[in-house]
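Structural description and commentary
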Amino acid sequence: MIGSAGSAGSAFKVASRLGYACAVIPFPATRRSVIERIRGADTEVRRTAFGDLAAGYWRPSYHYLRLHWRLSPEAAEDVVQAFFAVAFEKGYVERYDPSKAKFRTFLRTCLDRFVQNTQKAERAEKRGGGVDRLSLDFPGAEQALAELAASDLRDLDRFFRDEMIRALFERAVDDLRRTCEESGKAALFRVFERHDLAPSPDVSYATLARDLDLTVSQITNYLHTARRRFRELALGHLHSLCGTEEEFRLEARELFGVEADP
Amino acid sequence: MTWLSNDLVERLRDVASRPELASDRYVILRPIGRGGMGSVYAARDEQLGREVAIKVSNAAAPTDDLDQRLRQEARVLARLEHPGIVPVHDAGLLEDGRWFYVMKLVRGKTLADHAASLEHEAARLVVFERVAETVAFAHVAGIVHRDLKPSNVMVGQFGEVLVLDWGVARVLARTDRESGADHQPDGLIDGTSGGTRMGTAGFMAPEQAHGDSSNAGPPADVYALGALLFWMWTGSAAPPDLNEVSRSLGAVSPAPSRRLAAIVRKCLSHAPADRYATAAELMDDLARYRQGSSVSAHRETTIERAGRWLVRYQTFVWLVLAYLVMRVAFAFLR
């Protein structure tokens, strides 16, 4: 097994370790980039870093293969499994040069080449032999695909990026739910879910307070805390998906709107 | 795994990006706008039960220059109590130490969006004079805006005109007559260090464009006001060449009068000394123009002067002419 699809626990530990007492978007200075971790000598560290990568990119990759390459669900699933297995085995990621492109662009280019090669050789299903398949929710990804049918595929880099962010946020939401439940703060997630994840954004604090048997002040505080933790978790995951520290800083600023000095 | 629609992804990105205020007096409602220096949010003041606007710097840390500029802007605005300047209600620190300030929530359109509805010269001049009046007030208070442009002018629902974005304003040093030393009033700092270029191309005075923003005085704002006037007639930014300015103004329909075009050219002079010294001087010339008097920017020929005199006193002229026609008619009838 390369690594678990959900590295929520480690991401949360990272977020906590970064010391988010202040709300300013933190940029961890000591944590090594995912490329450094993958290039490292320690096999376990390398495996975990690769697991983080696979967890963050498998679904954008799957949707990309389904929509751009128009592969069948089975073929796309095989290619995703094979791609991450071969990328790990053959050290694709280690060849990344930050001066040439963003990491996700590099990864998408690798995926394109991989599809071209496998289509030529018609051996996608044979690749990755000897390596356990990742435990990934392909049926769930296939269900989500219907929502993406109207996506604009003219800008593939943007599509891939948007899908990466979607997957990132989904993992952060799941992590938030899990950690809230584990720490006995399920009410905090319920408030977040009812207000920020509801189909309609117009639920008033007073209505929520009445429905959840809380005070308006509690609603305000819970939402405040939940949003902060959500951001911490999303940043933790984002960090594991960027090629370099600088790329992480830029992506974080783009994602949450904080600019560097012009 | 939770599936998030595009709308939910955007909403989560929005709520997770919102500034975290240390007190619970204000509840952020929605983002309104985002500029190079800061982001503005609509918020509810729970204490007074009203909607306000909150501006937060885009700085990554409290020590960033952007954050210092936001603080400077709040203090400049607090000094300038004028109907043409958005009042600041409150200021404070976010949980991360960055500055924010609270101001009146202005509902309206920027001049860039509102200009199409200003078809007639009189309507354009009413808006322009309110901008110039506000800038003149700031000049008297020792403050130079340095970034006047259509998107920094807001026209409210009831016709009120507001000059926005004082983030790169320069506070002029006050000379202490006794000591002979210059100092900044009330702890305000000059918004830039020497050699920094600030402003917007097409509305920026040549001295600013050459990187001398730290010495840009009231004539720099006069230049921008001239560029604004030029833009209100042509819809484009002012070219650096004055001959091109004249050609462009002459090509629009209806073209501004020669005297108004001369006022625009004087504002857009390359050398600061050739422009109006302050916005107040520009206002005086505009007032003379509106009254039909001669303006300092334009030396009239005798024919022009006579034509202006005829237009200005046309009622009197028509009465005299009518009287003369009647006298001639009576003379014939006899």
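Report on the accompanying structure. (Residues numbered from 1 in each chain as written. Chains lettered and ligands numbered in written order. Predicted model: local features only at pLDDT ≥ 70, side-chain atom pairs only at ≥ 80, totals over all residues.)

Let us look at the overall build of chain B. In terms of helices and strands, chain B carries 11 helices and 12 strands. A sequence separation of at least 24 residues applies to 55% of the contacts in chain B between residues at least 6 apart. (Helix = DSSP H or I, 4+ residues; strand = E, 2+ residues; numbered from the N terminus. Contact = placed C-beta atoms within 7 Å.)

Right, let's get into the overall build of chain A. Assigned secondary structure in chain A consists of 11 helices and zero strands. The order of α-helices and β-strands along chain A, N terminus first, is α-α-α-α-α-α-α-α-α-α-α. Considering chain A as a whole, with its 262 residues, one finds that 42% of them fall into the buried category. Across chain A, the fraction of contacts at a sequence separation of at least 24, relative to all contacts at a separation of at least 6, is 74%. (Buried ≥ 20, exposed ≤ 12 C-beta atoms within 10 Å, placed from the backbone.)

Our next topic: the pairing of strand 2 (residues 38-45) of chain B. All names here are of chain B. Where strand 1 (residues 26-34) meets strand 2, seven bridges bridge the pair, whose relative direction is antiparallel. Pairing of I28 across the sheet is with A43, part of strand 2. Here strand 1 hands over to strand 2 after three residues, the two strands then running antiparallel side by side. Sheet topology note: the strand 2/strand 3 (residues 50-57) ladder contains eight bridges and is antiparallel. (Pairing = 2+ DSSP bridges.)

On to helix 8 (residues 258-267) of chain B. Residue and element names in this part refer to chain B. Here helix 8 lies mainly inside the structure; eight of its 10 residues are buried. Buried residues of helix 8: L260, A261, A262, I263, V264, R265, K266 and C267, and no others. Of the surrounding elements, those touching the buried residues of helix 8 are helix 6 (218-234), helix 7 (242-251) and helix 9 (279-291).

Following both chains from N to C, one finds helix 10 (residues 216-239) of chain A and helix 1 (residues 6-17) of chain B inclined at 110°, their axes separated by 9 Å at the closest point. Here helix 10 of chain A lies roughly perpendicular to helix 1 of chain B, going by the angle between them. On the side of helix 10 of chain A, the interface is formed by R227, F230, R231 and A234 of chain A, while helix 1 of chain B contributes L12, V15 and A16 of chain B. Here the residues of the contact of helix 10 of chain A with helix 1 of chain B sort into five nonpolar, no polar and two charged. (Axes fitted to C-alpha atoms, helices over the stretch in contact; angles between N-to-C directions. Parallel < 35°, antiparallel > 145°, perpendicular 65-115°, else oblique. Nonpolar A, V, L, I, M, F, W, Y, C, P; charged D, E, K, R; others polar.)

The subject of this paragraph is the nonpolar core. Residues L225, L228, V264 and C267 of chain B are the most contacted members of the largest nonpolar core, which totals 75 residues. In terms of domain composition, this core takes at least three residues from each of domain 1 (21-104) and domain 2 (108-299) of chain B. Counting residues in hydrophobic clusters, the runner-up holds 64 residues, among them V79, L111, F160 and A172 of chain A. (Core = buried A, V, L, I, M, F, W, Y, C linked by C-beta atoms within 7 Å. Domains from an automatic or database assignment.)

Strand pairing in a sheet is mediated by backbone hydrogen bonds. Such pairs are either parallel or antiparallel. Residue and element names in this part refer to chain B. Spatially, the five strands line up as an open sheet ordered 1-2-3-5-4, and their pairing is antiparallel. Every interior strand has two partners, whereas the edge strands, strand 1 and strand 4 (88-93), have only one. Along the sheet, successive strands turn relative to each other by an average axial angle of 25°, direction set aside. Pairing between strand 4 and strand 5 (residues 99-104): five bridges, direction antiparallel. Residue pairing across strands places D90 opposite V102, the latter belonging to strand 5.

To continue, consider the sheet that holds strand 6 (residues 108-110) of chain B. Residue and element names in this part refer to chain B. Ordered in space as 6-8-9, the three strands form an open sheet in which the pairing is antiparallel. With one partner strand each, in any of the chains shown, strand 6 and strand 9 (161-163) form the two edges of the open sheet. With strand direction ignored, the average angle separating the axes of adjacent strands in the sheet is 25°. The pairing of strand 8 (residues 153-156) with strand 9 spans three bridges and is antiparallel. For V153, the partnering residue across the bridge sits in strand 9 and is V163.

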